[in-house]
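Chain residues, written in single-letter form:
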Amino acid sequence: MVVEITKVTSKPDLQTFMALSTTLYRDFEHYVPPLALETKKLLDPEVAPFFKYGKAQYWLAHKNGEVVGRISAQIDETQPAEAYGNAGLFGCLDVIDDIDVTRALLETAEEWLRLKGVERVIGPLTMNLNGLGGLLVEGHDLEPMIMVPWHPPYLEKHFEHLPYEQCRDLHYWRLEWSSTMNARYAERKKLSRLPNGYEIRNLDFGQFDRDVEIVRGLYNTAWKDNWGFVPLQPEDMEGLGTEMKPFLKKEMGIIVERQGKPEAMAVMIPNLSEITADVGPNPTPLGWAKLAYRRFFHQFQSGRVILFGISPEIRHSVGGAVIAISIIEHMVAWLLKLNRKSGVIEAGWVLDNNHPLRNILMQQGFQISRTLRLYDRPLSSRIGK
């Protein structure tokens, strides 16, 4: 049966597009759909931050009278030339287990990008590397984690038969609470203090907007020379200051300063999937009531480090390594203070070749838990069969 690809041009089309992953994957045991409200904030051009500085097009795939897949193609106008070269992006790739559908969707996205003048395509990225990056290839059976995409295992197999190359792997590193880990960590010698002149502090909720901007600036400075770097825009941080702020504790944000100048930072956010997983993408009135109650009374057992950075001036120094270790020790201390029989921190994503950070995480007891893969290919030829 022929695969038909149609452009998303109307609000009903957009609603179908945004809800499609929930429809396609509802029978998978380990898939937990995000709230429709959160999906809207990520994908709806009227409210999504990406569309303030980028452009995108969406498509739906039809077969046998049913919608069986979706894809996006996008141009991020803040993307530095050195990030991926003259490359466009594809994302939102969710399909049934039919490689012909995947192929047709990718061909459509590629053609749109060709007409925009780009020479290479990379993805999946929704909507860029600061959003949901990569195709899940390891960790399908883990509980959901905030801002981590989920894909069925067959999608990786589709790419094995398409002219795409593995580009980079993005790893999530996980530390789980256990009585053994708790005892072992309590016995370990901790850093007694930071290098002379450095001070560590938590987020200041009285100056929250200021601290969010400090975090954004440090991130952009710390990561600008790394592969795939795309600077965080003020719009990208809006969610941290609105949706996430009520759930944050001051110790979830760490800023290291020297004589008042920020030199390093880390931000961890609670795993909101703990309170949303059982209410579905479109909660009933009772579901919303549950969320309202949990917002005030739920004690989170897991969280994700979403931002971490050390200024280039000290990153490769002994002092920089000490600061990095100290920050992670503070995060681990948060986990141990839960004082329960569970608890998880995930640090992600971390590039496959970021050996200094990987070594520090391993020293602190973290292990790789999830891997998300990026694929790319030049646009000099069509996919074909």
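Please read all numbers here as calculations on a predicted model, not as lab measurements.

Q: Tell me about the overall build of the protein, and name the residues and values.
A: Looking only at helices and strands, one finds 13 helices and 15 strands in the protein. The C-alpha atoms of the protein give 21 Å as radius of gyration, which agrees with the globular expectation for 385 residues (21 Å, within 12%). On the principal axes, the C-alpha backbone points of the protein span a range of 65 × 50 × 40 Å. Counting across all 385 residues of the protein, residues that qualify as buried make up 54%. As displayed, the protein has an accessible area near 18,000 Å², and 51% of this comes from carbon and sulfur atoms. Between the averaged position of the 44 positive side-chain charges in the protein and that of its 48 negative side-chain charges there is a distance of 5 Å.

Q: Could you give me a rundown of the environment of Gln-15, with the residues and numbers involved?
A: Structurally, Gln-15 can be placed in helix H1 (residues 11–25). A relative accessible area of 46% places Gln-15 in the partly exposed class. Separated by 29 residues in the primary sequence, Gln-15 and Asp-44 have C-alpha atoms spaced 9.0 Å apart.

Q: How would you explain the environment of Thr-284 if you had to name every residue and give the values?
A: Along the chain, the position of Thr-284 falls in the loop between helix H9 (273–276) and helix H10 (285–297). In this structure Thr-284 comes out as partly exposed when scored by relative accessible area, which is 47%. Separated by 82 residues in the primary sequence, Thr-284 and Phe-366 have C-alpha atoms spaced 38 Å apart.

Q: Lay out the environment of Gly-287 with the relevant residues and their values.
A: Among the secondary structure elements, Gly-287 is positioned in helix H10. Overall, the relative accessible area of 4% leaves Gly-287 in the buried class.

Q: Help me get a handle on the side chain of Arg-304, residues and values and all.
A: Looking at the element boundaries, Arg-304 is found in strand S13 (residues 302–310). The residues contacting Arg-304, other than those within four sequence positions of it, are Met-145, Ile-146, Met-147, Val-148, Tyr-172, Val-267, Met-268, Ile-269, Glu-346, Gly-348 and Trp-349.

Q: Before we move on, can you summarise the pairing of strand S3 (residues 66–76) with the specific residues and values?
A: Here S3 lies mainly inside the structure; 9 of its 11 residues are buried. Direction of pairing for strand S2 (residues 54–63) relative to S3: antiparallel, over a ladder of 10 bridges. Of the residues in S3, the one forming a bridge with Lys-63 is Glu-66. Hairpin connection, S2 to S3: the antiparallel pair is bridged by 2 residues, and Asn-64 has positive phi, about 55°. In this structure, S3 lies alongside strand S4 (residues 87–95), joined through 5 bridges in antiparallel fashion. Within the sheet, the bridge partner assigned to Arg-70 lies in S4 and is Asp-94.

Q: Account for the nonpolar core, with residues named and values stated.
A: Core analysis: the largest hydrophobic core is formed by 113 residues, its most contacted members being Phe-90, Tyr-164, Phe-308 and Phe-366. Counting residues in each nonpolar core, the second largest holds 12 residues, with Ala-83, Tyr-84, Cys-167 and Leu-170 among its members.

Q: Please set out the packing of helix H12 (residues 318–336) against helix H13 (residues 355–363) residue by residue, giving values where relevant.
A: Their axes nearest at 10 Å, the elements H12 and H13 cross at an angle of 45°. Taken together, the axes of H12 and H13 lie oblique to each other. Where H12 crosses over H13, the two elements pack in a sense that is right-handed. Of the residues in H13, those in contact with Ala-324, Ile-325 and Ile-328 of H12 are Ile-360, Leu-361 and Gln-363.

Q: Explain a nonpolar patch on the surface residue by residue, including any values.
A: Together, Tyr-293, Phe-296 and Phe-297 line one region of the surface with nonpolar side chains, adding up to about 420 Å² of accessible area. Here Phe-297 is to be found in helix H10. Given a relative accessible area of 55%, Phe-297 falls into the exposed group.

Q: Lay out the packing of aromatic side chains in plain terms, naming residues and giving numbers.
A: Counting across every chain of the model gives 21 aromatic pairs. Seen from their ring centres, Phe-90 and Phe-159 are 6.3 Å apart, and the 15° between their planes marks the pair as stacked. A residue pair is termed long-range when its members are at least 10 positions apart, and Phe-90 in strand S4 and Phe-159 in helix H5 (residues 154–160) qualify at 69 residues. You'll find Phe-90 and Phe-159 in the same group, each marked buried. Each member of the aromatic cluster is reached from another via a ring pair, and the members are Phe-17, Phe-50, Phe-51, Tyr-53 and Tyr-58. One residue, Arg-377, lies across the ring of Tyr-164, its end atom 5.8 Å from the ring centre.

Q: How would you summarise the pairing of S4 if you had to cite specific residues and measurements?
A: Buried residues dominate S4, accounting for 9 of its 9 residues. Bridging between S4 and strand S5 (residues 120–123) involves 3 bridges; their strand directions are parallel. Along S5, the bridge assignment pairs Ala-87 with Arg-120. A crossover links S4 with its parallel partner S5, the connecting element being helix H4 (residues 99–115), and its sense is right-handed.

Rules used throughout
- For every chain, the first residue of its written sequence is number 1, and the numbers climb from 1 along that sequence.
- Given that the model is predicted, a residue must reach a pLDDT of at least 70 before its local features are reported, and side-chain atom pairs must reach 80 or more before they are shown or counted; all residues, however, enter totals for whole chains, interfaces and linings.
- Derived side-chain values reflect all non-hydrogen atoms in the structure, with water molecules and hydrogen atoms excluded from consideration.
- Secondary structure elements are defined from DSSP: runs of H or I of at least 4 residues count as helices, runs of E of at least 2 residues count as strands, and each element is numbered from the N terminus.
- Taken over C-alpha atoms, the radius of gyration is set against a globule rule of 2.2 Å times the number of residues to the power 0.38.
- Throughout this description, buried means an accessible area under 20% of the type-specific maximum (1.4 Å probe, protein chains only), exposed means over 50%, and partly exposed covers the range between.
- Residue burial considers only the protein chains on display, and all accessible areas are found by Shrake-Rupley using a 1.4 Å probe.
- Charged-residue counts in this description rest on Lys and Arg as positive and Asp and Glu as negative, His and the chain ends being excluded.
- A single reference atom marks each charge: NZ on Lys, CZ on Arg, CG on Asp, CD on Glu.
- The criterion used for residue contact is that any of the two residues' heavy atoms lie within 4.5 Å.
- Paired strands, in this sense, are two strands between which DSSP finds at least two bridges.
- Residue types Ala, Val, Leu, Ile, Met, Phe, Trp, Tyr and Cys, when buried and joined through side-chain atoms within 4.5 Å, form a set referred to as a nonpolar core.
- For helices, the fitted line uses only the C-alpha atoms of the stretch in contact; every axis is such a line through C-alpha atoms, and the angle between N-to-C directions lies from 0 to 180 degrees.
- Working definition: roughly parallel below 35 degrees, roughly antiparallel above 145 degrees, roughly perpendicular at 65 to 115 degrees, and oblique for all remaining angles.
- Each crossing gets its hand from how the near helix is turned against the far one by less than a right angle, where anticlockwise is left-handed and clockwise is right-handed.
- To count toward a patch, a residue needs a relative accessible area over 30% and no salt bridge; like charges are then connected within 9 Å, while nonpolar side chains (Val, Leu, Ile, Met, Phe, Trp, Tyr) are connected within 5 Å.
- A side-chain nitrogen of Lys or Arg and a carboxyl oxygen of Asp or Glu constitute a salt bridge if their distance falls within 4 Å.
- Put simply, two rings from Phe, Tyr or Trp (the six-membered ring, in Trp's case) pair if the centres are within 6.5 Å, and we call them stacked under 30 degrees between planes, edge-to-face over 60, tilted for the rest.
- Each ring is checked for a lysine NZ or an arginine CZ that lies within 6 Å of its centre and within 35 degrees of its normal; such an atom marks a charge sitting over the ring.
- Seen with its strands pointing away from the viewer, a crossover is right-handed if its path from the first strand over the helix to the second goes clockwise.

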